[in-house]
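Now for the letters of each chain:
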Amino acid sequence: GFTEVRDARLILGRKGFVGLDTTIRKFGWASVSSEVGTLGFVPYPEQTLWDLRESFVLIAGAPVNLIETRQAACKKRTAMRGDFSYDEELFASRKMAVRWYFVSREIARGSLCQSKADQNSRIFGNSAYERLGAVEMAYILTAYWLATGERLLRSVAALTSDSIYTFETEEDQPPVQAHCPI
């Protein structure tokens, strides 16, 4: 089932729902493309929203890339730390999908200190969790911060689907991948 946007906003409240109107206003974008028509309804039934409202947030995705997200956040004087040497990487210019993102407020239980393969089979094989790319994570974290003034996923390094380096380990060990800082 689907839920109307205004009902989802009421069920989830100010700290559980970040709509496209909020992100456009908070990021200072003049407008966003016509693709936003896909956000007319939330693709989750009301009961799911009620059941998960304390542990998940719903955020509308905009057709922007990682560089545009960072630039918009910097214009709003949001503290941005890190090395932005990833601007030339392919994933930095990839635009995120315009859709609803239902994101856990906390890290997935049992996901720390697990290999990527173990996470894929045990954590992300579960339909409640989805491994997002760097652009989606940066946008979601920034949009939530701008909308609520609070950090989502405090003190967590995000493992995304966008690997940028591979470090060789001992011969009998698999390579270790480092992932884009957000």
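Cut-off values and rules
Per chain, residues are indexed from 1 in the order of the written sequence. Only residues with pLDDT of 70 or above have their local features reported here, since the model is predicted, and side-chain atom pairs are shown and tallied only from 80 upward, although totals for entire chains, interfaces and linings are computed over all residues. Hydrogen atoms and water are omitted, and side-chain values are computed over all heavy atoms in the structure. For the purposes of this entry, the term helix denotes a DSSP run of H or I that reaches at least four residues, the term strand denotes a run of E that reaches at least two, and both are numbered from the N terminus. To estimate how far a helix should extend, the number of its residues minus one is multiplied by 1.5 Å. Between buried and exposed lies partly exposed: a residue is buried under 20% and exposed over 50% of the maximum accessible area for its type, with that area taken using a 1.4 Å probe on protein chains only. The contact criterion used is simple: two residues touch if any of their non-hydrogen atoms lie within 4.5 Å. What makes two strands pair is DSSP finding at least two bridges between them. One number per residue, pLDDT, summarises how confident the predictor is, and it ranges from 0 to 100. Axis geometry follows a simple rule: fit a line to the C-alpha atoms, using only the stretch in contact for helices, then measure angles between N-to-C directions, giving values from 0 to 180 degrees. With respect to orientation, any angle under 35 degrees is reported as roughly parallel, any angle over 145 as roughly antiparallel, any angle of 65 to 115 as roughly perpendicular, and every other angle as oblique. Here a crossing is called left-handed whenever its near helix is offset anticlockwise from the far helix by less than a right angle, and right-handed whenever the offset is clockwise. The nonpolar class holds Ala, Val, Leu, Ile, Met, Phe, Trp, Tyr, Cys and Pro. Asp, Glu, Lys and Arg form the charged class, and all remaining residues, Gly among them, are polar. A pair of Phe, Tyr and Trp rings is counted when the ring centres sit within 6.5 Å of each other, with Trp represented by its six-membered ring. The angle between the planes then sorts it: under 30 degrees is stacked, over 60 is edge-to-face, the rest tilted. In this text, buried Ala, Val, Leu, Ile, Met, Phe, Trp, Tyr and Cys residues form a nonpolar core when linked through side-chain atoms within 4.5 Å. Throughout this description, the term salt bridge denotes a Lys or Arg side-chain nitrogen within 4 Å of a carboxyl oxygen of Asp or Glu.

**Remarks on helix H7 (residues 134-148)**
Part 1 of the argument: With 15 residues, H7 should cover 21 Å at 1.5 Å per step; its first-to-last C-alpha distance of 21 Å lies within 8% of that length.
Part 2 of the argument: Judged by how many residues are buried, H7 sits mostly within the fold: 13 of 15 residues are covered.
Part 3 of the argument: At the C-terminal side of H7, Gly-149 shows a positive phi close to 80°.

**Digging into the side chain of Thr-142**
Part 1 of the argument: Among the structural elements, Thr-142 can be located in helix H7.
Part 2 of the argument: In contact with Thr-142, other than residues within four places in its own chain, are Phe-27, Thr-69 and Ala-73.

**Observations regarding the pairing of strand S5 (residues 100-104)**
Part 1 of the argument: The buried count for S5 comes to five of five residues, which makes it a mostly enclosed element.
Part 2 of the argument: Because side chains alternate across S5, one face comprises the buried residues Trp-100, Phe-102 and Ser-104, and the other comprises Tyr-101 and Val-103, equally buried.
Part 3 of the argument: Pairing of strand S4 (residues 56-60) with S5 involves five bridges; the strand directions are antiparallel. The partner of Phe-56 across the bridge, within S5, is Ser-104.

**Looking at the confidence of the model for the chain**
Part 1 of the argument: Residues of the chain with pLDDT of at least 70 account for 62%, and the chain-wide mean is 75.
Part 2 of the argument: Between residues 164-182, whose pLDDT stays under 50, and residues either more than four places distant or in other chains, the model counts 38 contacts.

**Thoughts on the pairing of S4**
Part 1 of the argument: Of all the five residues making up S4, five are buried; the element is thus mostly covered by neighbouring parts of the structure.
Part 2 of the argument: Of the two faces of S4, the one carrying Phe-56, Leu-58 and Ala-60 and the one carrying Val-57 and Ile-59 are both buried.
Part 3 of the argument: For strand S2 (residues 17-18) and S4, the ladder comprises two bridges, and the chain directions are parallel. Across the sheet, the residue bridging to Phe-17 is Leu-58, located in S4.

**Quick look at the packing of helix H4 (residues 66-75) against H7**
A pair of packed helices can be characterised by two numbers: the angle between their axes and the separation between those axes.
Part 1 of the argument: In contact at an axis separation of 9 Å, H4 and H7 are set at 20° when each is read in the N-to-C sense. As the angle between them shows, H4 and H7 are arranged roughly parallel. For H4 against H7, the interelement crossing comes out left-handed. Contacts from Leu-66, Thr-69 and Ala-73 of H4 reach H7 at Ala-134, Val-135, Ala-138, Tyr-139 and Thr-142.
Part 2 of the argument: Across the contact of H4 with H7, the residue classes tally to six nonpolar, two polar and no charged.

**Details of the environment of Lys-75**
Part 1 of the argument: Its place among the elements puts Lys-75 in helix H4.
Part 2 of the argument: For the pair formed by Lys-75 and Gly-28, sequence separation is 47 residues and the distance between their alpha carbons is 8.3 Å.

**Some details on the packing of aromatic side chains**
Part 1 of the argument: Applying the stated criterion across every chain, the model contains three aromatic pairs.
Part 2 of the argument: Ring geometry for Phe-17 and Trp-100: centres 5.4 Å apart, planes at 40°, overall tilted. Placement of the pair is Phe-17 in strand S2 and Trp-100 in strand S5, with a sequence separation of 83 residues. Here Phe-17 matches Trp-100 in class, with each residue buried.
Part 3 of the argument: Counting every residue linked through ring pairs, the aromatic cluster contains Tyr-44, Phe-56 and Phe-102.

**Some details on the nonpolar core**
Part 1 of the argument: Ranked by size, the top nonpolar core spans 44 residues in total, and within it Leu-58, Ile-59, Leu-66, Trp-100, Tyr-139 and Ile-140 carry the most contacts.
Part 2 of the argument: Those elements giving two or more residues to this core turn out to be helix H1 (5-12), S2, helix H2 (20-27), S4, H4, helix H5 (90-93), S5 and H7.
Part 3 of the argument: No other element matches the 10 residues that H7 contributes to this core.
Part 4 of the argument: What Ile-140 contacts, discounting residues up to four positions off in sequence, is Ile-59, Tyr-101, Val-103, Leu-132 and Leu-152.

**Points about the pattern of salt bridges**
Where charged atoms of side chains with opposite charge meet at close range, the side chains can pair.
Part 1 of the argument: Scanning the model with the defined rule gives five salt bridges in all.
Part 2 of the argument: Between Arg-6 and Glu-4 there is a salt bridge, with the nearest N and O atoms lying 2.3 Å from each other.
Part 3 of the argument: Assessed through its relative accessible area of 53%, Arg-6 is described here as exposed.
Part 4 of the argument: The partner of Glu-68 in a salt bridge is Lys-95, with the nearest N and O atoms 3.0 Å apart. Here Glu-68 is found in helix H4, whereas its partner Lys-95 is found in the loop between H5 and S5, with 27 residues between them in sequence.
Part 5 of the argument: With a relative accessible area of 26%, Glu-68 lands in the partly exposed category.

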